[in-house]
Amino acid sequence: MLRTAAELSTARRVVVKVGSSSLTGPDGSLAVDRLIAVSDALAERRVAGQEIVLVTSGAVAAGRGPLGLSGRPRDTPEAQAAASVGQGLLIAHYTEAFAAHGVPVGQVLLTAEDTIRRSRYRNAVRAFERLIAAGVVPVINENDAVAPDELTFGDNDRLAALVAQLVRADALVLLTDVDGLYDGPPGRPGARHIPVVESVDALEGVEVTGTGSRVGTGGMITKLQSASMATSSGIPVLLTTAANVRAAFAGTAKGTWFHATRKRASRRQVWLEHAARGNGKLVLDDGAVRAIVDGTASLLAAGIVRVEGDFRAGEPVELVDVQGAVVARGIVAFDAAELPEMLGRSTRELRAELGDRFEREVVHRDDLAVVRRRTDAAR
Ligand SMILES: Nc1ncnc2c1ncn2[C@@H]1O[C@H](COP(=O)(O)OP(=O)(O)O)[C@@H](O)[C@H]1O
Ligand SMILES: N[C@@H](CCC(=O)OP(=O)(O)O)C(=O)O
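Here the structure is a predicted model, which is why all the values come from computation and not from measurement.

Visitor: Would you explain the overall build of the chain in this entry?
Guide: Secondary structure summary: the chain contains 11 helices and 15 strands in total. Here the C-alpha radius of gyration of the chain, 22 Å, is about what a compact globule of 379 residues would show, namely 21 Å. With the C-alpha coordinates aligned to their principal axes, the bounding extent of the chain is approximately 70 × 40 × 40 Å. Looking at the chain residue by residue over its 379 residues, the buried ones come to 45%.

Written out as C-alpha cells, the structure is:
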C-alpha cells in the first residue's frame with residue numbers, strides 16, 4: 001500500500017479524476033488545450049506501464065457552447081441535453097489526444113444503478129478488467145443524459161471513489177482547480193494548506209464549502225466524501241491541480257495526501273459498504289449490534305427484534321440499531337416472509353421447531369460489511 005505521495009510513481013493502477021474546473025476556460029466553455037495537457041501526461045504514464053483509469057467531468061460544460069447556453073443549465077432536461085452534446089465532444093478530444101501517444105481510450109458511461117446492483121457491478125468489473133488488460137485507458141463519466149434524478153451520483157468525485165474501489169486501484173488522484181485542501185476557502189486571506197490528512201473523518205478545524213468553481217459540482221465537500229470512501233477501503237488519495245498532474249506522478253506535486261485508513265477490503269465487502277442498496281431492514285438488539293460492530297460474529301435470528309420491508313434471500317439488507325442507525329449491510333439468507341417466526345429464537349430452537357434449514361445464520365459474517373462512521377452522505 002502506498003504510504004506517501006512520493007510513491008505514486010510506483011503505483012500499478014491509478015484512477016484519475018479531472019473536474020470541469022480543470023477543463024474549462026474563464027467563460028466556462030471547454031478548453032481543449034487543458035484537456036490535451038492532462039491527456040498527454042496520463043498517456044505517458046500508460047506508455048510507461050502504469051494502468052490509468054480516467055474519470056472525467058466536463059460534458060455539461062462542453063455542451064454549453066454548441067447549445068448557446070451562457071450559464072449553468074437551468075433545469076435537468078437542459079443539463080441532460082448539454083451533457084449529451086458535450087460528452088461526444090469530450091470523448092472525441094480524448095480519443096485524439098491519447099491516440100497521439102498510441103494509446104486507445106474506451107468510453108464508459110455509468111449510472112448509480114450500475115454500482116448498486118450486484119450483477120451490474122460485476123459486469124462493470126469485467127469490462128474494466130478487459131479494457132485495462134488490452135492497454136486501453138477507460139474514460140468514464142456519469143451517464144448524465146439518462147440518469148434518473150433520484151439515482152444520480154450527481155458529482156464525479158464520489159463516482160471516482162466508487163470506480164477506484166471497483167478496479168481496486170492503488171491510488172485515486174483528484175485533479176481540480178486548487179492545489180489541495182485548505183483549512184478554509186482558499187480565496188480567504190490566511191487560509192492554510194494541509195499537506196497530509198491521516199483520517200478524513202477525524203478532520204477538525206477545516207471549513208469546506210459545497211460550492212466551488214463556476215462550473216464544478218459539489219466543491220470541496222464531495223471531494224472529502226470521495227476521499228473518505230476511498231481511504232476507508234484502503235485506497236490513498238492525492239488532491240491537487242490539473243496543472244500538477246506530471247509532478248503528481250513524479251511524486252513532487254504540492255497537494256494533499258489522504259492516507260488509507262484501513263486495509264484493502266474485498267470487492268464484495270466494499271460493494272456492500274459503499275454501493276449496495278437494499279429493500280429491507282433488520283432491526284437488531286443492542287447485544288447483536290455490539291457483536292456485529294466488534295467484527296467477527298454472524299447475525300443470528302436471536303439478535304433480531306424486527307424485520308422491515310420486502311426482500312428475498314440473497315438480496316442486500318441494512319442492519320440497523322433500535323434507533324434506526326445503520327450498523328452494517330449484508331446479504332440476507334432468508335426471505336422477509338420467513339423471518340418473523342424465527343426472531344428471538346436460538347439456533348437450536350429453530351432447528352427443533354422449524355427444521356434443519358433454519359439453523360443457519362441470518363446474515364453470514366462473510367456476507368456482511370460493517371458501516372463505519374464516515375463523512376455524512378458519503379453514499
Ligand atoms: N477548504 C477548502 N480547501 C480547498 N478548496 C476549497 C475548500 N472549500 C471550498 N473549496 C473550493 O472547492 C473548489 C473545487 O471544487 P469544484 O469546483 O467542484 O471542482 P471540480 O470542478 O474540479 O470538481 C475549489 O475551487 C475551492 O474554491
Ligand atoms: N457528469 C458531469 C460532471 C459533474 C461533476 O461532478 O463535475 P465536477 O465537480 O466538475 O467534477 C459532467 O460531465 O458535466
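Visitor: Help me out: how do you make sense of the sheet that holds strand 12 (residues 304-309) in this one?
Guide: Ordered in space as 12-11-13-14-15, the 5 strands form an open sheet in which the pairing is mixed. This sheet does not close on itself; its edge strands, each paired only once, are strand 12 and strand 15 (368-370). Strand-to-strand twist of the sheet, defined as the mean angle between neighbouring strand axes without regard to direction, takes the value 20°. With 3 bridges connecting them, strand 14 (residues 326-331) and strand 15 associate as antiparallel partners.

Visitor: Explain the UniProt feature "domain: PUA" (unreviewed entry) in the chain to me, please; I cannot follow it from the model alone.
Guide: Here, the residues flagged by UniProt with the feature "domain: PUA" (unreviewed entry) are residues 280-359. Helix and strand shares over residues 280-359 are 21% and 28% respectively, and the end C-alpha atoms of the span are 21 Å apart.

Visitor: What is the right way to read the UniProt feature "binding site: ATP" (unreviewed entry) in the chain from this model?
Guide: UniProt tags Lys17, Thr176, Asp177, Thr217, Gly218, Gly219, Met220, Ile221, Thr222 and Lys223 as "binding site: ATP" (unreviewed entry). For lysine 17, a count of 28 C-beta atoms within 10 Å gives the class buried. For lysine 17, the residues in contact, after removing those within four places along its chain, are Val55, Asn156, Asp157, Ala160, Leu174 and Leu175. Mapped onto the elements of the fold, methionine 220 is located in helix 7 (residues 219-231).

Visitor: Is there a simple way to explain the site of ligand 2 in this structure?
Guide: Taken together, 17 residues sit near ligand 2, with Gly19, Ser20, Ser57, Ala59 and Val60 positioned nearest. Of all the secondary structure elements, the ones that give two or more residues to the shell around ligand 2 are helix 2 (59-67) and strand 4 (137-142).

Visitor: Would you mind showing me how to read helix 3 (residues 76-99) here?
Guide: Note on helix geometry: an α-helix contains 3.6 residues per turn, so any two residues three or four positions apart are oriented the same way. For helix 3, built from 24 residues, the straight-helix expectation of 34 Å at 1.5 Å per residue is met to within 8% by its first-to-last C-alpha distance of 33 Å. Along its length, helix 3 reaches its greatest deviation from straightness, about 25°, at glycine 86. Those residues of helix 3 that sit buried are Ala82, Ala83, Gly86, Gln87, Leu90, Tyr94, Ala97 and Phe98. For helix 3, the elements touching its buried residues are helix 1 (32-47), strand 2 (51-56), helix 2, strand 3 (105-110) and strand 4.

Visitor: Would you take a moment to explain the environment of alanine 145 for this structure?
Guide: Within the element layout of this structure, alanine 145 appears in the loop between strand 4 and helix 6 (156-166). Note on alanine 145: 18 C-beta atoms within 10 Å, which makes it partly exposed. Along the chain, alanine 145 and proline 77 lie 68 residues apart, while their C-alpha atoms are 8.2 Å from each other.

Visitor: In this structure, what is going on with the sheet that holds strand 4? I would like to understand it.
Guide: Taken together, the 8 strands give an open sheet; going across it, the order is 3-4-2-1-5-9-10-8, and neighbouring strands pair in mixed fashion. Edge positions in the open sheet fall to strand 3 and strand 8 (196-197), since each of these has one partner strand only. Here strand 1 (residues 13-18) runs beside strand 2; their pairing, made up of 6 bridges, is parallel. Bridging across to strand 2, valine 14 finds its partner in isoleucine 52.

Visitor: Could you clarify how one ought to interpret the environment of glycine 102 in this entry?
Guide: Along the chain, the position of glycine 102 falls in the loop between helix 3 and strand 3. In this structure, the C-alpha to C-alpha distance between glycine 102 and valine 47, residues 55 residues apart in sequence, is 8.3 Å.

Visitor: Looking at this structure, I do not really get the domain arrangement of the chain. What am I missing?
Guide: Interface size is commonly expressed as the accessible area that is lost once the parts come together. Each assigned domain of the chain is listed with its residue range as follows: domain 1 (5-269) and domain 2 (278-370). Each of domain 1 and domain 2 was reduced to a C-alpha centroid, and the two centroids are 37 Å apart.

Visitor: Even after reading the chapter, I still don't get the pairing of strand 14, so can you show me in this structure?
Guide: Moving residue by residue along a regular strand, the side chains alternate between the two faces of the sheet. Counting buried residues in strand 14 gives 5 out of 6 residues, a clear majority hidden from the surface. Looking at chain direction, strand 13 (residues 316-320) and strand 14 are connected through 5 bridges and run antiparallel. Its bridge partner lying in strand 14, valine 320 is registered against valine 326. Here strand 13 folds back onto strand 14, and the loop between the two strands holds 5 residues, one of which, glycine 324, carries a positive phi near 95°.

Visitor: How should unusual backbone geometry be read in this particular structure?
Guide: A negative phi angle is the norm for most residues apart from glycine, just as the trans form is the norm for most peptide bonds. Of note, arginine 168 is a non-glycine position whose phi angle comes to about 50°, a positive value. Looking at the element boundaries, arginine 168 is found in the loop between helix 6 and strand 5 (171-176). Given 20 C-beta atoms within 10 Å, arginine 168 falls into the buried group.

Visitor: Please clarify how the pairing of strand 2 should be interpreted in this entry.
Guide: Among the 6 residues that make up strand 2, 6 are buried, leaving the element largely enclosed by the rest of the structure. On strand 2, burial covers both faces: Glu51, Val53 and Val55 on one face and Ile52, Leu54 and Thr56 on the other are all buried. A crossover connection joins strand 1 to the parallel strand 2 through helix 1; in handedness this β-α-β unit is right-handed. In this sheet, strand 4 lies alongside strand 2 in parallel orientation, the contact comprising 2 bridges. Residue valine 55 lies in a different strand from strand 4, and its bridge partner there is isoleucine 140.

Visitor: How should the packing of helix 2 against helix 3 be read in this particular structure?
Guide: A pair of packed helices can be characterised by two numbers: the angle between their axes and the separation between those axes. At a minimum axis distance of 6 Å, the contact between helix 2 and helix 3 shows a crossing angle of 100°. Looking at the two axes, helix 2 sits roughly perpendicular to helix 3. On the side of helix 2, the interface is formed by Ala59, Val60, Ala61, Ala62, Gly63, Arg64, Pro66 and Leu67, while helix 3 contributes Ala79, Ala81, Ala82, Ala83, Ser84, Val85, Gly86, Gln87, Leu89 and Leu90. Per-class residue counts for the contact of helix 2 with helix 3 are 13 nonpolar, 4 polar and 1 charged.

Each value, and the rule that gives it
- Counting from 1, residues in each chain are numbered in the order their sequence is written.
- By the order in which they are written, chains take letters starting at A while ligands take numbers starting at 1.
- This being a predicted model, a pLDDT of at least 70 is required before a residue's local features are given, and a value of 80 or more before pairs of side-chain atoms are given or counted; all residues contribute to the totals for chains, interfaces and linings.
- Counting from the N terminus, the helices are DSSP H or I runs at least four residues long and the strands are E runs at least two residues long.
- With the radius of gyration taken over C-alpha atoms, the globule rule is written as 2.2 Å times the number of residues to the power 0.38.
- Residue burial is a threshold on neighbouring C-beta atoms within 10 Å of the residue's own C-beta, all placed from the backbone, with 20 or more meaning buried, 12 or fewer meaning exposed, and counts in between meaning partly exposed.
- Paired strands, in this sense, are two strands between which DSSP finds at least two bridges.
- In this analysis, axes come from line fits to C-alpha atoms, helices being fitted only over the stretch in contact, and the angle between any two N-to-C directions falls in the range 0 to 180 degrees.
- UniProt positions are given in the numbering used here, feature names are shortened, and annotations may be inferred rather than shown by experiment.
- We call two residues in contact when the distance between their C-beta atoms, placed using the backbone, is within 7 Å.
- Using the backbone to place each C-beta atom, any residue with that atom within 6 Å of a molecule or strand is considered near it.
- The span expected for a helix works out to 1.5 Å for each residue beyond the first.
- A residue's bend is simply the angle between two axes: one fitted to the seven residues ending at it, one to the seven starting at it.
- Residue ranges for the domains trace back to a domain assignment, done automatically or taken from a database.
- Throughout, right-handed denotes a crossover for which the path from the first strand over the helix to the second runs clockwise when the strands point away from the viewer.
- These descriptions rest on fixed angle ranges, namely under 35 degrees for roughly parallel, over 145 for roughly antiparallel, 65 to 115 for roughly perpendicular, and the rest for oblique.
- Side-chain classes follow a simple rule in which Ala, Val, Leu, Ile, Met, Phe, Trp, Tyr, Cys and Pro form the nonpolar group, Asp, Glu, Lys and Arg form the charged group, and the remainder, Gly included, forms the polar group.

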